[in-house]
Amino acid sequence: MIWTIAQHEFSKLFKSGRLWKLLALSQFVLGFIFFWLVEDFIFKSQQSMMGSSTEVFGITEKIFHPLFAWTTLFFLLITPLLATQSLTQERKSHTLENYLLSPLSAKTIILGKFLGLFLTQLFLLLPLVIMPCLILIRDPLDIGHFLTGLLGIILLLGTTLSLGMFVSSFAKEPLIAGLTIFVMFIVLCILEGMGQIFGHNGEWVAEFALLYHCKNFLSGLINTKDIVYYVAMSGFFLYFSMRRLSKEADYRKRA
Amino acid sequence: MLLGPNGSGKTTTLNLIAGLIRPHQGEIFIQGINIHQNPLLAKRHLGFLPEHLPLYPELTVKEYLQLISKIRIIPKPNSHEAVDEILEALALKEIQHHLIGILSKGLKQRVGLAQAMLHNPSVLLLDEPTTGLDKNQTERFVEKLLEYKKKAAIILSTHHDSEMGALCDRVIQFTSKHKESKCYDLDHCTT
């Protein structure tokens, strides 16, 4: 049943045309950044060959590391759009009743919607997978480094989506939900900076920051602690989304 | 039939019965199952046509009903049959491949009724089912409900009794001033 809901979520975005627009946007933005980084790399390598620069660098480090960082930022901007579709938009258009009137548990509904939107995010990430293939035609690439970075982004996307779904589970207006999700992303990102202000004592604050745990992945390192953080955060927000949806009848009474 | 002016509590009552709102006090049983204690089991016996139709405009009529058949957990061998039967019964076969978003109000209402009746519920709740329908559409709508009434209990709300009178055995009249309700049998209602 989870798969049925996931399929519906995914195909609904396709059929409404919203997914195509988002795909075009992601293709344009990520493609533009990719070619800008490739051009910069070629320019620097030419300088290096002419002896005007002594800097030593690799393709993965100079192209994909910054590309992943830009991709992360891009998805932090579009995830609120996707997450508000999950529950707030359905609540507003009264289609949430289809699920509320069905003999499905809140757990099934939330996991189905999460899976559908997560697949959507992965679909939007496709251009990022095509880009290294373009490089591989002519030059070698550190595939391990690339895949580790990709894993970090996928884990981050899952976490941001579950956070977005949590906000979406109680928000009534899509615009308010989108803004709230975005503000929460910003807060979770600046925790890292706040932790640094307090020096060594504030390290635990930085541990809660969203992007803090992505850095290792982008550098090509897999740390179990980072995986646990993203999985735990996703589980935490999904659990509370389920709790909120199972109490929908109580909140409707107060509306 | 729940009869009364706007704001008298008809929709709230139906939402309470459907388990969409939790009551302050009292209990609601569907086929002997408490809807708020065991909602997943009780909802198997319930079909609801809400005031705001829960339709996806980007899906075709058939795609939508197929989705509903899945989320209402109709067993797979029967689900295709159930969709075909309801399309036939509500004369939706011709427009089964049309997008819901482009349908007229009357057709959308019929699709809404189809989703409510798809799993053959023993209790059918209809909130203002004839709103936006013309006279002919209303008559056809009532005909379908009269057929369905033979195998299920139908609770419907309306703010005028003229068109749905043929359908009801009992009327509960809601009054907005004191939020009270009175129960009549059909004869009393129609006189």
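Residues numbered from 1 in each chain as written. Chains lettered and ligands numbered in written order. Predicted model: local features only at pLDDT ≥ 70, side-chain atom pairs only at ≥ 80, totals over all residues.

Across its full length, chain A holds 13 helices and zero strands. In terms of overall dimensions, chain A has a C-alpha envelope of 75 × 50 × 30 Å along the principal axes. When burial is assessed residue by residue, chain A has 38% of its 255 residues classed as buried. Taking the contacts inside chain A whose residues are at least 6 apart along the sequence as the reference set, 76% of them involve residues at least 24 apart. (Helix = DSSP H or I, 4+ residues; strand = E, 2+ residues; numbered from the N terminus. Buried ≥ 20, exposed ≤ 12 C-beta atoms within 10 Å, placed from the backbone. Contact = placed C-beta atoms within 7 Å.)

Before going further, it helps to examine the overall build of chain B. Within chain B one finds seven helices and eight strands. Each of the 191 residues in chain B was classed as buried or not, and the buried ones make up 38%. For chain B, long-range pairs separated by at least 24 residues make up 64% of all intrachain contacts whose partners lie at least 6 apart in sequence.

Next up on the list: the packing of helix H2 (residues 18-49) of chain A against helix H3 (residues 59-86) of chain A. Residue and element names in this part refer to chain A. The interhelical angle for the contact between H2 and H3, taken along N-to-C directions, is 155°, at an axis separation of 10 Å. The pairing of H2 with H3 is recorded here as roughly antiparallel in orientation. H2 and H3 meet at a crossing whose hand is right-handed. Note on element contacts: H3 touches H2 through Ile59, Lys62, Ile63, Pro66, Leu67, Trp70, Thr71, Phe74 and Ile78, opposite Leu22, Ser26, Val29, Leu30, Ile33, Phe34, Leu37, Val38 and Phe41. Along the lines of polarity and charge, the residues of the contact of H2 with H3 split into 15 nonpolar, two polar and one charged. (Axes fitted to C-alpha atoms, helices over the stretch in contact; angles between N-to-C directions. Parallel < 35°, antiparallel > 145°, perpendicular 65-115°, else oblique. Left-handed = near helix turned anticlockwise from the far one by under 90°. Nonpolar A, V, L, I, M, F, W, Y, C, P; charged D, E, K, R; others polar.)

Looking now at the interface of chain B and chain A. Tallying the contact residues gives 22 residues for chain B and 20 residues for chain A. Of all the elements in the fold, those that place two or more residues in the side of chain B that touches chain A are strand S4 (46-49) and helix H3 (61-71) of chain B. Partitioned by chemical class, the residues of the side of chain B that touches chain A number 14 nonpolar, two polar and six charged.

Next up on the list: the packing of helix H8 (residues 143-170) of chain A against helix H12 (residues 224-246) of chain A. Residue and element names in this part refer to chain A. Contact pair H8 / H12: the axes reach a minimum separation of 8 Å and the direction vectors enclose 20°. Taken together, H8 and H12 sit at an angle that is classed as roughly parallel. The two elements H8 and H12 meet at a crossing, and its hand is left-handed. Contacts between H8 and H12 involve Leu155, Leu156, Gly158, Thr159, Ser162, Leu163, Met165, Phe166, Ser169 and Phe170 from the former and Ile227, Tyr230, Met233, Ser234, Phe237, Leu238, Phe240, Ser241, Arg244 and Leu245 from the latter.

Take the nonpolar core next. With 102 residues, the main nonpolar core has A:Met165, B:Tyr64 and B:Leu125 as its most contacted residues. Top contributing element to this core by residue count: H8(A), with 10 residues. Beyond its immediate chain neighbours, meaning those up to four positions away, A:Met165 contacts A:Ala83, A:Ser86, A:Leu87, A:Ile110, A:Lys113, A:Phe114, A:Phe237, A:Leu238 and A:Ser241. (Core = buried A, V, L, I, M, F, W, Y, C linked by C-beta atoms within 7 Å.)

Moving on, we get to the pairing of S4(B). Residues and elements named next belong to chain B. A two-sided burial pattern is seen for S4, the buried positions comprising Leu46 and Phe48 on one face and Gly47 and Leu49 on the other. For S4 and strand S5 (residues 123-127), the ladder comprises four bridges, and the chain directions are parallel. Among the inter-strand pairings, Phe48 is bridged to a residue of S5, identified as Leu125. (Pairing = 2+ DSSP bridges.)

Residues and elements named next belong to chain A. The end-to-end C-alpha separation of H2 is 46 Å, in line with the 46 Å expected for 32 residues at 1.5 Å each. For H2, the set of buried residues is Ser26, Leu30 and Phe34. Just downstream of H2, Gly51 is the residue with a positive phi angle, here 85°. (Expected span 1.5 Å × (residues − 1).)

This part is about helix H1 (residues 2-16) of chain A. The end-to-end C-alpha distance of H1(A), which contains 15 residues, comes to 21 Å, matching closely the 21 Å that a straight helix rising 1.5 Å per residue would cover. Residues of H1(A) that are buried: A:Ile5, A:Ala6, A:His8, A:Glu9, A:Lys12 and A:Leu13. Looking straight down H1(A), one finds its buried side chains confined to an arc of 160°; they lie on one side. Buried residues along H1(A) sit against H2 and helix H6 (106-124) of chain A together with H3 of chain B. (Arc of directions from axis to C-beta.)

Glancing now at unusual backbone geometry. Residues and elements named next belong to chain B. For Asn120, which is not glycine, the phi dihedral falls at a positive 50°. Note that Asn120 resides in the loop between helix H5 (105-117) and S5. Of note, the phi angle at Glu128 is positive, near 45°, even though the residue is not glycine. Inspection of the secondary structure puts Glu128 in the loop between S5 and helix H6 (135-149).

Right, let's get into the confidence of the model for chain A. Per-residue confidence for chain A averages 85 on the pLDDT scale, and 96% of its residues sit at or above 70. Ranking the helices and strands of chain A by mean pLDDT puts H12(A) first, with 93, and helix H13 (residues 248-254) of chain A last, with 69. (pLDDT = per-residue confidence, 0-100.)

Take the confidence of the model for chain B next. Parts of the model with low pLDDT should not have their predicted coordinates read in detail. All names here are of chain B. Predicted confidence across chain B gives a mean pLDDT of 82, with 89% of residues reaching 70 or more. Taken element by element, the predicted model of chain B shows its lowest mean pLDDT in helix H7 (residues 186-190) (46) and its highest in H3 (92). When the criterion is pLDDT under 50, residues 187-191 qualifies, and its contacts beyond four places in sequence or with other chains add up to five contacts. Reported confidences for the modelled complex are a pTM of 0.86 and an ipTM of 0.84.

This paragraph deals with the environment of A:His94. Residue placement: A:His94 occurs in the loop between helix H4 (88-92) and helix H5 (96-100). Separated by 75 residues in the primary sequence, A:His94 and A:Leu19 place their C-alpha atoms 21 Å from one another.

All names here are of chain B. Among the secondary structure elements, Leu14 is positioned in helix H1 (residues 10-18). Between the alpha carbons of Leu14 and Gly4 there is a distance of 13 Å; along the sequence they are 10 residues apart. Aside from chain neighbours lying at most four places away, what touches Leu14 is Leu125, Asp127, Ile155 and Ser157.

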